[in-house]
Amino acid sequence: SESEIMIQWQPPAEDAQNGDILGYLVRYRLFGYHDSPWSYRNITQPGQRNYLITELITWKDYEVQIAAYNRKGVGTYTDPIKLKTREGVPEAAPTNIRAQAVESTAVKVWWLPPDPQKINGINQGYKLQAWLGDPKITSQPEKTVTVHPDVLAPLSEQTAVIEDLKPWTAY
């Protein structure tokens, strides 16, 4: 899911184990935050070769390291690997929405994009929907327009026109 990362590893070479492996320590943190503390997970089954890291932030980079341990202590951690959680659905809607009839069968809509931190991935665009009646009762919109984000000014006001509407009809 968008808040989990599955990691896999191989045990150290036999000549580097220095005794029986009792388990592994997995440590991880947000990538680029070198002063932040590591989160640790103790894998107590020496035969285990994967682990699902959970409760992560959607669409963020993490660095992960793994070390084997035996009865004498923890070995050397691996070089960090950089991983990204998956995209998620946006947590915020556009704001400052305005609409105005530009002719009897068309409405122009303006809006400001949601906070980029709350998009949880790459903004693929917007869907403008015109509904006849209550959207909670009506099964589908009368019109849907897909609008791609303005790639040159992704934080600026966006606009689109919904056309081919029924004249003199409240939507």
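Computed from a prediction, not measured in an experiment: that's the story for all the values here.

Rules and cut-offs
Residues numbered from 1 in each chain as written. Predicted model: local features only at pLDDT ≥ 70, side-chain atom pairs only at ≥ 80, totals over all residues. Heavy atoms only, no water. Salt bridge = Lys/Arg side-chain N within 4 Å of Asp/Glu carboxyl O. Helix = DSSP H or I, 4+ residues; strand = E, 2+ residues; numbered from the N terminus. Buried < 20%, exposed > 50% of the residue type's maximum accessible area, 1.4 Å probe, protein only. Polar contact = N/O pair within 3.5 Å; in protein donor to acceptor, adjacent residues only side chain to side chain. Contact = heavy atoms within 4.5 Å.

Asker: Would you take a moment to explain the pattern of salt bridges for this structure?
Answerer: Any two side chains of opposite charge can pair, so long as their charged atoms come close to each other. For the structure shown, the criterion picks out 5 salt bridges. A salt bridge links Arg-29 to Glu-63; the nearest nitrogen and oxygen atoms lie 2.9 Å apart. With Arg-29 in strand β2 (residues 23-30) and Glu-63 in strand β5 (residues 61-70), this pair connects stretches of sequence that are 34 residues apart. Residue classification places Glu-63 among the buried residues on the basis of a relative accessible area of 6%. A salt bridge links Glu-142 to Lys-166, with the shortest nitrogen-to-oxygen separation between them at 3.6 Å. With Glu-142 in the loop between β10 (126-130) and β11 (143-147) and Lys-166 in the segment after β12 (158-162), this residue pair connects regions lying 24 residues apart in the sequence. For Lys-166, a relative accessible area of 43% translates into the label partly exposed. Each of Asp-61, Lys-82 and Lys-84 takes part in salt bridges that share partners, so that together they form one network.

Asker: Sorry if this is basic, but what is going on with the side chain of Gln-65 here?
Answerer: The residue Gln-65 is located in strand β5 in this model. Side-chain polar atoms of Gln-65 contact the side chain of Arg-27, separated by 2.7 Å. Once residues within four sequence positions are removed from consideration, Gln-65 is found in contact with Leu-25, Val-26, Arg-27, Trp-38, Tyr-77, Thr-78, Asp-79 and Pro-80.

Asker: Quick question: what am I supposed to make of unusual backbone geometry here?
Answerer: Glycine aside, the phi torsion of most residues is negative, and most peptide linkages are trans. Positive phi, normally seen in glycine, also occurs at Trp-59, with a value near 60 degrees. Position of Trp-59 relative to the elements: it lies in the loop between β4 (50-53) and β5. The phi dihedral of Trp-168 falls on the positive side, at around 55 degrees, and the residue is not glycine. By secondary structure assignment, the location of Trp-168 is in the segment after β12.

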